[in-house]
Each structure stands twice: as structure tokens, then as C-alpha cells.
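Structure at a glance
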Amino acid sequence: MSFTVNPDWWKSLFDEVYLLTDARSVDNAEVTQHEIDVVCSLLPLRPEDAILDLCGGQGRHSLELQRRGFGDCTVLDYSEVLLERGRQIASDNGCSVRFVQGDAAQTELPGGTFNHVMILGNSLGYLPQATDDLRIMKEARRLLKPQGHLLLDITDGAVIRERFQPNAWHEIAKDIVVCRQRELDKDAVRVREVVLCKERGLIRDQTYAIRTYAPEQLESLVYAAGFADVTLHRNFSPQQQQGDYGFMNHRVLLTARV
Ligand SMILES: C[S@@+](CC[C@H](N)C(=O)[O-])C[C@H]1O[C@@H](n2cnc3c(N)ncnc32)[C@H](O)[C@@H]1O
């Protein structure tokens, strides 16, 4: 069987259900703190630096950076649901993170504004064409100040392919079951995700496709966007427990400069 995927799936999947299905990775303070420890070890962050968390979801990384004294953080994401969640958390905690709705490929933010652009938590490869990812990389470069830094944190596509699992399921808080059926494509993984809730029944049945990048392909993409000093940092697995975490484990980090 082959799944049909709506090319605009990424405009609607990142909602309240996603915050449940991916809670092990994106709503877990310990994991986020560990990821930010790594970010801080790779980027020369100064407290006054302007930081853009591109495709930053509900802003978990920016909120953690603010807690650590980095006061100028902006989150840009397409999902109003996630942005609204982030605004609420920021307001509850007296944080001044800015939340902006937009498309990472054409943000409409002024160029040359940020010291650092981070794209964390496997937030690339969702738009239909590979050239869309190049557009996002070029946009990141446009937004950076001269000598600015890029940090990319993406699933290692080579590992995903080597250890491909066509079926996976996990439980959330004893009343939700997340089932994923996967197909390997030439440059992407297509997924059908079915989510069942004991009380509410079927709460999701949706397909999506995520383009995969082996580390060297990611390096080529970033060079093609005009960045320099590209460095790969492999084998980043924020999840220490056994389990199928989909695209959220076995990641590769890449740093580069304008
Ligand atoms: C897996 S989530 C990760 C979010 C966040 N970086 C984290 O680690 O928690 C991917 C995010 O990328 C966002 N996204 C994907 N493509 C985007 C685009 N073209 N423009 C803006 N946001 C995008 C989605 O809305 C979603 O919030």
C-alpha cells in the first residue's frame, strides 16, 4: 500500500494532538534542557545576542534560553496553535520571548537582524520540494548578521534508513495510543499516523512525509545556501531510553557561519 500525502500537511499537523503524540520529545523539560546544554556548547552565545528559533514550535528552546539569561529570543513558526501555547507559557512565567507566525521559507522579518539562527528538533524537510529546504536555508542566511551563526539539528537520515521500522506504536499516559505505519521513499519517509484515545475514540488519522538527509547531504545543502565553515556533530540522541522516537532521536547537529 502507498500513502497519499497532502503536500500542505505541515500546515495543520502541529496542533494539540502533536503536543501529545510527541510529548516524550517536545514536552519534556529534561530533554529540552539537555538539548539546550548542547546548543550552548556549540554556539558562542552572549547574553545580548539576538537569537532566532526558526520553526521553533511552542518555543521550548527559546523559553529555556531565556531562563538561562539569553534575553533576546524570537520564535517563528507556522502553527498558530503552538505559538499560542508558547505565548501562554511565556506569560505565565514572565518571559519576553517574541512569537511570530510565518513561513520559514519567506519570513518577512528584516534581513541581517540575528546573531544566531537555530532550527532545532528536526524541523526541516516538511515542504514538498527539496528546493523548499534550500529556500529555508537561504532565508536563514539572509536573516543573519555578518559573521552570524547557524545551528541545525536534524534526524540523521542515514540512521533512519539503516534502522527503518515500518511499524511503531507507543502509549501516552495510559489513555492514548499512537500508531505509525511508515514507507521508505527515495528521499523521504511517508507516515500514516493513527491516534486513539480511550475516552474520545479516533483523534487522528493523517499522513505526512518528511525528507531525510544523510549528514553529508545536509552539509551540501548548507553550503549551497552560501554558508561557510560547515561542521557536522554526529550521534546526538537526546532520548536515553530504548524506544522508537520516530524522527526525534539519532540526530545530527550542524554549525555554520555566514
Ligand atoms: C517537530 S516540530 C519541532 C518544533 C521545535 N523546533 C521543537 O523542537 O520543539 C516542527 C515545527 O516546524 C514547524 N514548521 C515546519 N515547516 C515550517 C515552515 N515552512 N515555516 C514555519 N514553521 C514550520 C512546524 O509548525 C512545527 O512547529
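Conventions we followed
Residues numbered from 1 in each chain as written. Predicted model: local features only at pLDDT ≥ 70, side-chain atom pairs only at ≥ 80, totals over all residues. Heavy atoms only, no water. Helix = DSSP H or I, 4+ residues; strand = E, 2+ residues; numbered from the N terminus. Rg over C-alpha atoms; globule rule 2.2 N^0.38 Å. Buried < 20%, exposed > 50% of the residue type's maximum accessible area, 1.4 Å probe, protein only. Areas by Shrake-Rupley, 256 points an atom, 1.4 Å probe, with all protein chains shown as cover. Lys, Arg positive; Asp, Glu negative; His and termini not counted. Charge placed at Lys NZ, Arg CZ, Asp CG, Glu CD. Pairing = 2+ DSSP bridges. Right-handed = clockwise from strand over helix to strand, strands pointing away. Axes fitted to C-alpha atoms, helices over the stretch in contact; angles between N-to-C directions. Contact = heavy atoms within 4.5 Å. 1 Å grid on protein atoms, 1.4 Å probe; cavity = no way out; pocket = protein on both sides within 12 Å on 5 of 7 lines; lining within 4 Å. Points joined across faces, edges and corners; volume = space filled by probe spheres on them. Nonpolar A, V, L, I, M, F, W, Y, C, P; charged D, E, K, R; others polar. Near = heavy atom within 4 Å. Polar contact = N/O pair within 3.5 Å; in protein donor to acceptor, adjacent residues only side chain to side chain. Sits in = over half its atoms within 2 Å of the grid points. Salt bridge = Lys/Arg side-chain N within 4 Å of Asp/Glu carboxyl O.

A word on the overall build of the protein chain
- If you tally the helices and strands in the protein chain, you get 8 helices and 11 strands.
- Here the C-alpha atoms of the protein chain give a radius of gyration of 18 Å, agreeing with the 18 Å that 2.2 N^0.38 yields for 258 residues.
- Expressed along its principal axes, the backbone C-alpha trace of the protein chain runs to roughly 50 × 40 × 35 Å.
- Evaluated residue by residue, the protein chain yields a buried proportion of 55% over its 258 residues.
- For the protein chain, the exposed surface amounts to about 11800 Å²; the carbon and sulfur share of it is 48%.
- Here the protein chain holds 29 positive side-chain charges and 37 negative ones, and the gap between their average locations is 2 Å.

Comments concerning the pairing of strand E3 (residues 98–101)
- Where strand E2 (residues 72–77) and E3 come together, 4 bridges link them in parallel fashion. The residue of E3 that forms the bridge with Leu76 is Val100.
- After leaving E2, the chain enters helix H5 (residues 80–92) and then returns to the sheet as E3, a path that is right-handed.

Some thoughts on the sheet that holds strand E5 (residues 144–155)
- Sheet architecture is open: 7 strands sit in the order E3-E2-E1-E4-E5-E11-E10, paired in mixed fashion. Of all the strands in the sheet, the pair left with one neighbour each is E3 and strand E10 (228–236). For this sheet, the mean angle separating the axes of adjacent strands, direction not counted, is 15 degrees.
- Each of E5, E10 and strand E11 (251–257) is contacted by helix H8 (residues 215–224), which is oriented at about 155 degrees to E10, the strand it contacts most.

Regarding the layout of surface pockets
- Estimates place the volume of the second largest pocket at around 230 Å³.
- Lining the second largest pocket are 14 residues, and of these Val26, Asp27, Gln58, Arg60 and Ile89 lie nearest its centre.
- Counting residues per element, the ones that place at least two in the lining of the second largest pocket are helix H3 (29–42), helix H4 (60–67) and H5.
- Top contributing element to the lining of the second largest pocket by residue count: H4, with 4 residues.
- Grouping the amino acids of the lining of the second largest pocket by side-chain chemistry returns 5 nonpolar, 4 polar and 5 charged.

Considering the site of the ligand
- Close to the ligand lie 21 residues, the nearest being Cys55, Arg60, Asp77, Ala104 and Leu120.
- Contacts to the ligand include Tyr78, whose backbone N or O atom sits 3.1 Å from a nitrogen atom.
- Contact with the protein chains hides 99% of the accessible area of the ligand, taken as 590 Å² for the molecule alone.
- Its atoms largely coinciding with the cavity grid, the ligand occupies the largest cavity.
- Residue classes in the shell around the ligand are distributed as 11 nonpolar, 7 polar and 3 charged.

Section: unusual backbone geometry
- Phi is positive for Gln147, close to 70 degrees, though the residue is something other than glycine.
- Take Gln147: it is sitting in strand E5.
- The phi dihedral of Ala173 falls on the positive side, at around 45 degrees, and the residue is not glycine.
- Mapping Ala173 onto the fold places it in the loop between strand E6 (167–172) and strand E7 (176–184).
- Assessed through its relative accessible area of 68%, Ala173 is described here as exposed.

Quick notes on the sheet that holds strand E8 (residues 188–197)
- Taken together, 4 strands build an open sheet; the order of strands is E6-E7-E8-E9 and the sheet is antiparallel. A strand with exactly one partner marks an edge of an open sheet, and here the two such strands are E6 and strand E9 (201–211). Across the sheet, the axes of successive neighbouring strands diverge by a mean angle of 15 degrees, strand direction being ignored.

Re the pattern of salt bridges
- In total, this model carries 23 salt bridges according to the counting rule given.
- Between Glu35 and Arg251 there is a salt bridge, and its shortest N-O distance comes to 2.7 Å. Residue Glu35 is located in helix H3, and its partner Arg251 is located in strand E11; the two are separated by 216 residues in the primary sequence.
- On the basis of relative accessibility, which here comes to 3%, the residue Glu35 falls in the buried class.
- A salt bridge links Asp132 to Arg135; the shortest N-O distance between them is 2.9 Å.

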